[in-house]
Amino acid sequence: MPSLVILDASHNEISAFFGFQPPKNLKEVNFSNNRMSKMKNLSAFSSLSNLQLDHNSFSEISGLEQCGLLYQLSLAHNRISRISGLDNLPLSHLCLRGNRLEKIEGLENLRSLQSLDLSLNRIRSLAGLQNLSLLGSLNLEKNLISEIQECKHIHDLCLLRDMNLLQNPVQEQKDYRLSVIFLLQHLTTLDQQEVTAEEKVSSVNKYDPPMDVVAATNHMTHLVYQLMQPQVLYDSTFPSADCPYPMLVLTGPQGCGKRELAHRLCQDLHEYFGYGICHTTRGPYFGEENGIDYHFVSEEDFENMVLMGKFIQTMQYGGHRFGLTRDAVEEVAKEGLACCLHMELEGVLSLKNSYFEPRYILIIPTSVEKYISNLNDRDLYTQAQIDRAVSRIQLYANTCRQRPGFFDNVIPSDDWKESYPALKKVVTGYLFAEERDDQTSSTFSGLKHLSLSAGQTGTSLDPSDPAYRNYLAKIQAELSLQKNPNELASIRRREQLVREAVLGKSPGVFSQPAKRPNISVQPSAPLQSLITSGQSHPDSPPQAEEIPPQTADPRIPVSQKSSGVEEHRACSAVTAATSARGIVKALDIAAMGSALDTLKEKLENSKSPGAADAEREQKPETGQEQRAPVTSPSSRRRPGSETKPILPPIPTGRKTPARPRSCPSRPSSTTAEEAEAEAEEVEVEVEVEVAEEEEEVEKDDEADVEEESAREET
Ligand SMILES: Nc1ncnc2c1ncn2[C@@H]1O[C@H](COP(=O)(O)OP(=O)(O)OP(=O)(O)O)[C@@H](O)[C@H]1O
């Protein structure tokens, strides 16, 4: 049969393996479920591409070496105990399910293999799969794999999407699924179940959390432990919304000189800075002193301190733990000094979650060779430690590049002594000392004052405390846009326009829609009653005696006159009130035709002696109304804004970069301060003018009414 292409001889009792002359074009052969036990050389079957030999009694794979086109081979449920004879075959699908395999071998050169079924064997390790770079599907169900770490052997198989480890002992391992998903991040199906995006994210957050997640967890841990302790009021550093306690943090890779720089800075600027002493579990280097460089503590003590809520942040570096305690900061703050610290990036990230708002300065080496040489000179580090430190330069550089503003300043440094002047300049700039040498002492006293005031505001979570109000004012100011003098002038102009429109001096936009009824509408009786009484029910025009005295001015609805407070509010809200009046006035009496008589009558009735008395009683209120704008809540002055926040010498510039109000102690803020003062002046000016103009409006209104009444009387 030279033309035979597909041969299916399954489910027979054939024992002879290929006991026939090879058809030239034979491609697919199925001898499954027969009684074959020994394979023979198939080099004559050169076209063979698919061979199914399941459920036979083969114990060894052989004779396939010359099958250069064989891409699919299935030998499931045989007695094979060792994989062999498959080298260099172009197999893409191989099934050895249900054999006696104990390890994966002989597959190293199957570079084209895409699908491998080794289920139902006795395999314990995944070693031997690492070269199968095209492998996309791997079935290892019902084997003896017990360690999650075995997945490391297939970690680099980027095309592996589907893996089945069902009924392996490894399934009982804690967090098995998340761990496997973490190790094999390309998987889309694990154990016949789809891998979700949530699972992938959770696995990464669990086993290789991003630095921010680590920092947040670190912060959360310490905060929780701290809250579990009896609460202590930290006089000097209790967070004050207006003036956070000033801190300076030098960061950079290990051994970049930040520690020396910090010490030197605290020495030179000892009037301003104190060195914050961290705790560590590492032993002291030669020359280091307990309580000067670090507080050296045992692992156990450190852990106890964590549980006691002592730390603000901690981090693990080089197998040792480092941490900054609240007390360490407090020690410095008590002296009236700003705390100067050095720490790694992880510490910075954690600290950034706290209520402290330090300045962060990155000290970064520019020459790797010099950096390595500096580290070697210290004679403290192993090569692995040096390599790690060097690798972290990139981490800092990336952070700096990817997160603009993360560091307040970056100082390139290959030698700390050389970079010290630059650092000092930057820091003195923060202190405002360089530009205002003459005010140095006052800055310092400001710092002392800061500590004190922070202490005073230690209980400032009480709303009755002025600092609390300052906090609100600060938030409010930040939320509302700051207006420059030009904007304020523009607002004034627009207000003026509105006022003129209301007074009928100019046909402002606000009066137009309200004037339309003037022309075309003859008000009905219900409308008259609405105008005169302020009541809304159209069918029941009120009797004259029903009209309360304060509705003598028919243009102002009762609702606006019902109480002094409301009146006050109505007059305060300049634009709203005047425009409302504008609308009422625009429905002018002249346009009401016959309705005028009724109105007149009611007006007269309302001027009864009782009503007049009542009106007189209203006079003080009117006065109040006139004065109202000055103290009006609608004024643009913020509550509590007359109390200037006390400013720290190292202000919170980074978090509130462009707002002169919140960082006036920055060098560049001299002009900002002036601008602020100027803006405030203009603000007050505008308010006073608004008040005066309002007064005028009121007088004009009153004069109008009187004139009208007089006209009517005549
Ligand atoms: N509380 C902390 N949080 C985060 N990092 C810290 C903390 N305390 C110290 N570190 C940092 O941990 C790293 C290891 O500290 P270690 O004192 O062992 O470094 P070092 O070899 O003396 O080098 P360096 O001169 O940079 O301090 C340093 O980069 C140090 O700045």
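Residues numbered from 1 in each chain as written. Predicted model: local features only at pLDDT ≥ 70, side-chain atom pairs only at ≥ 80, totals over all residues. Heavy atoms only, no water.

Under an unreviewed UniProt entry, the name given to the protein is Leucine rich repeats and guanylate kinase domain containing, and the source organism is Cynoglossus semilaevis.

With that out of the way, let us pick up the side chain of T399. Structurally, T399 is set in helix α9 (residues 383–402). A relative accessible area of 9% places T399 in the buried class. Those residues in contact with T399 that lie beyond four places of it in its chain are L345, F406 and F407. (Helix = DSSP H or I, 4+ residues; strand = E, 2+ residues; numbered from the N terminus. Buried < 20%, exposed > 50% of the residue type's maximum accessible area, 1.4 Å probe, protein only. Contact = heavy atoms within 4.5 Å.)

This part is about the sheet that holds strand β17 (residues 338–343). Taken in spatial order, the five strands make up an open sheet running β12-β17-β11-β18-β19, and their pairing is parallel. Only two strands of the sheet have a single neighbouring strand rather than two, namely β12 (273–275) and β19 (409–412). In this sheet, neighbouring strand axes are inclined to one another by 25° on average, regardless of whether the strands run parallel or antiparallel. With four bridges connecting them, strand β11 (residues 247–251) and strand β18 (residues 359–364) associate as parallel partners. By the bridge assignment for β18, L248 is matched with R359. Here helix α6 (residues 326–334) sits on the sheet and contacts β11, β12 and β17; the angle it forms with β17, its principal contact strand, is near 145°. (Pairing = 2+ DSSP bridges. Axes fitted to C-alpha atoms, helices over the stretch in contact; angles between N-to-C directions.)

The next subject is the site of the ligand. The environment of the ligand is made up of 20 residues, and the closest members are R259, R282, Y294, E344 and Y381. At 2.9 Å from an oxygen atom of the ligand is found a side-chain nitrogen or oxygen belonging to Q254. Residue R378 places a side-chain N or O atom 3.1 Å away from an oxygen atom belonging to the ligand. Computed on the free molecule, the ligand has an accessible area of 580 Å², of which 99% lies beneath the protein chains in the complex. Within the residue set of the shell around the ligand, elements represented by two or more residues are α4 (258–268), β15 (311–317), β16 (320–325) and β17. Taken together, the residues that form the shell around the ligand break down as nine nonpolar, six polar and five charged. (Near = heavy atom within 4 Å. Polar contact = N/O pair within 3.5 Å; in protein donor to acceptor, adjacent residues only side chain to side chain. Areas by Shrake-Rupley, 256 points an atom, 1.4 Å probe, with all protein chains shown as cover. Nonpolar A, V, L, I, M, F, W, Y, C, P; charged D, E, K, R; others polar.)

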